[in-house]
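Observations on the three-dimensional arrangement
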Amino acid sequence: MSNLQKSAWFNLVGVTVLGMIGAAAILFMARMNTKGVEYVLICIFVPVLASPGLYIYCRKKSIESRFDERERVIHSRSLMVAAFGLTIFLACVCMLPFFVLGGQNVIKVYYLPLIFFSALFIAQFVHSAAILVMCALEDDDG
Amino acid sequence: MGSDRLSNKVRRLRFDNGELTQQQLADKVGVTRQTIIAIESGRYSPSLPLAFKLARAFGVSIEDVFKFENEHYGTK
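Conventions we followed
Here the residue index of a chain counts from 1 through its sequence in written order. Lettering of chains starts at A and numbering of ligands starts at 1, both following the order in which they are written. Only residues with pLDDT of at least 70 are given local features in this predicted model, and only at 80 or more are side-chain atom pairs given and counted; all residues enter the totals for whole chains, interfaces and linings. Labels follow the DSSP assignment, with helices taken as runs of H or I lasting at least four residues and strands as runs of E lasting at least two, numbered in each case from the N terminus. Partly exposed residues are those falling between the two cut-offs: more than 12 but fewer than 20 other C-beta atoms within 10 Å of their own, whereas 20 or more means buried and 12 or fewer means exposed, with C-beta atoms placed from the backbone. We call two residues in contact if the C-beta atoms placed from their backbones are at most 7 Å apart. Under the convention adopted here, Pro, Cys and the residues Ala, Val, Leu, Ile, Met, Phe, Trp and Tyr are nonpolar, Asp, Glu, Lys and Arg are charged, and Gly plus all remaining residues are polar. Residue count minus one, scaled by 1.5 Å, sets the expected span of a helix. Fitting axes to the seven residues ending at a residue and to the seven starting there, one defines the bend at that residue as the angle between these axes. Think of each axis as a best-fit line through the C-alpha atoms, taken over the contacting stretch in the case of a helix, with angles from 0 to 180 degrees between the N-to-C directions. Angles below 35 degrees are treated as roughly parallel, those above 145 as roughly antiparallel, those between 65 and 115 as roughly perpendicular, and all remaining angles as oblique. It is the rotation of the near helix from the far one that decides the hand of a crossing: anticlockwise by less than a right angle makes it left-handed, clockwise makes it right-handed. For every residue, the predictor states its confidence as a pLDDT score lying anywhere from 0 to 100. Each nonpolar core comprises buried Ala, Val, Leu, Ile, Met, Phe, Trp, Tyr and Cys residues, the members being joined through C-beta atoms within 7 Å.

1. Points about the overall build of chain A
- A count of helical and extended segments in chain A gives four helices and zero strands.
- Per-residue burial for chain A yields a buried fraction of 13% across its 142 residues.
- Considering only contacts in chain A between residues 6 or more positions apart, those separated by 24 or more positions represent 94%.

2. Concerning unusual backbone geometry
Residue and element names in this part refer to chain B.
- Its identity is not glycine, yet Glu19 carries a phi of approximately 50°, on the positive side.
- Inspection of the secondary structure assignment puts Glu19 in the loop between helix H1 (10-16) and helix H2 (22-29).
- Assessed through the 8 C-beta atoms surrounding it within 10 Å, Glu19 is described here as exposed.

3. Re the interface of chain A and chain B
- Residue-level contacts link eight residues of chain A with 11 residues of chain B.
- Those elements giving two or more residues to the side of chain A that touches chain B turn out to be helix H3 (69-101) and helix H4 (111-141) of chain A.
- When residues of the side of chain A that touches chain B are assigned to their parent elements, the largest contribution, three residues, is made by H3 of chain A.
- Residues belonging to the side of chain A that touches chain B are distributed by class as follows: no nonpolar, two polar and six charged.

4. Here we look at H3 of chain A
Residue and element names in this part refer to chain A.
- Over its 33 residues, H3 extends 48 Å from the first C-alpha to the last, a length consistent with the 48 Å expected when each residue adds 1.5 Å.
- Maximal helix bending in H3 amounts to about 30°, located at Met95; proline Pro97 follows within four positions.
- Buried residues of H3: Arg70, Glu71, Ile74, Ser78 and Ala82, and no others.
- The positive-phi residue at the C-terminal boundary of H3 is Gly102, with phi of around 95°.

5. Remarks on the packing of H2 of chain B against helix H4 (residues 48-58) of chain B
Residues and elements named next belong to chain B.
- Interaxial distance between H2 and H4 falls to 9 Å at its minimum, and their mutual angle equals 120°. By the angle class used here, H2 and H4 are oblique. Between H2 and H4 lies a crossing whose hand is right-handed. Of the residues in H4, those in contact with Leu25, Lys28 and Val29 of H2 are Leu50, Lys53, Leu54 and Ala57.
- Residue composition of the contact of H2 with H4, grouped by class: five nonpolar, no polar and two charged.

6. Considering the confidence of the model for chain A
- Per-residue confidence for chain A gives a mean pLDDT of 80, with 77% of residues at or over 70.
- Least confident of the elements in chain A is helix H2 (residues 39-64) of chain A, whose mean pLDDT is 67; most confident is H3 of chain A, at 91.

7. Re the confidence of the model for chain B
Residue and element names in this part refer to chain B.
- Residues of chain B with pLDDT of at least 70 account for 91%, and the chain-wide mean is 86.
- Per-element confidence in chain B ranges from a low mean pLDDT of 62 for strand S3 (residues 74-75) to a high of 93 for H4.
- Confidence estimates for the predicted assembly give a pTM of 0.73 and an ipTM of 0.72.

8. What to know about the nonpolar core
- Among the nonpolar cores identified, the biggest contains 10 residues, and these are Val10, Leu25, Val29, Val31, Ile36, Ile37, Ala38, Ile39, Leu54 and Val65 of chain B.
- Of all the secondary-structure elements, those providing two or more residues to this core are H2 and helix H3 (33-40) of chain B.
- Ranked by residues supplied to this core, first place goes to H3 of chain B with four residues.
- Core analysis: the next-biggest nonpolar cluster, separate from the first, contains eight residues, Ala8, Ile74, Ala82 and Ala123 of chain A among them.

9. Focus on the packing of H2 of chain B against H3 of chain B
Residue and element names in this part refer to chain B.
- Between H2 and H3, the least distance of the axes is 8 Å, while the angle of their chain directions is 105°. What the angle tells us is that H2 and H3 run roughly perpendicular. Every residue of H3 that contacts H2 at Gln22, Gln23, Leu25 and Ala26 is listed here: Arg33, Thr35, Ile36 and Ile37.

Following this line, the structure appears as structure tokens:
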């Protein structure tokens with residue numbers, strides 16, 4: 001398995017786990033109806049929650065620095081796929097409720113951070129999946 | 001302008017140079033074995049610096065390793 005594939009698997013698992021933790025945290029905060037200054041307490045715990053994410057990010061960057069030129073090409077192609085996936089996701093998430101519920105309806109505020117983190121999750125997920133698919137296709141050809 | 005095609009003799013040159021393995025060649029030029037496989041099968045066209053590295057690893061000129069084919073410009 002190449003560094004690119006290792007990085008993609010690492011990313012896929014890391015992002016999935018952190019995405020689930022993040023979504024659970026937001027849903028928990030939404031239930032408590034936290035607002036304003038109360039977020040100071042939450043901000044104290046954010047670095048603790050973010051530390052595995054930072055570790056994954058730093059580890060991924062050190063692996064990425066060892067990519068060779070063909071892996072960099074696959075990496076940049078998969079970034080384009082991720083950008084496309086993100087656009088489709090945002091279009092669906094923002095436009096579908098508008099068409100289905102109508103312009104005069106309201107949505108709960110906690111959907112906004114959920115949409116934000118879901119967008120990050122989707123982009124990373126599609127990026128990693130695209131890398132793994134492209135590598136698998138190349139292996140099939142060989 | 002015609003379609004471009006880049007063929008190469010990497011596999012042939014590997015065997016002519018003491019049956020060099022794909023991994024040994026990859027280590028020599030600083031890429032992964034998968035990249036050598038992709039170049040040999042014509043699925044990936046290397047950058048100019050990598051093409052030069054490959055040629056120097058075999059001790060030949062770049063045109064002895066790669067052949068550029070184009071309907072408009074002919075074969076070189």
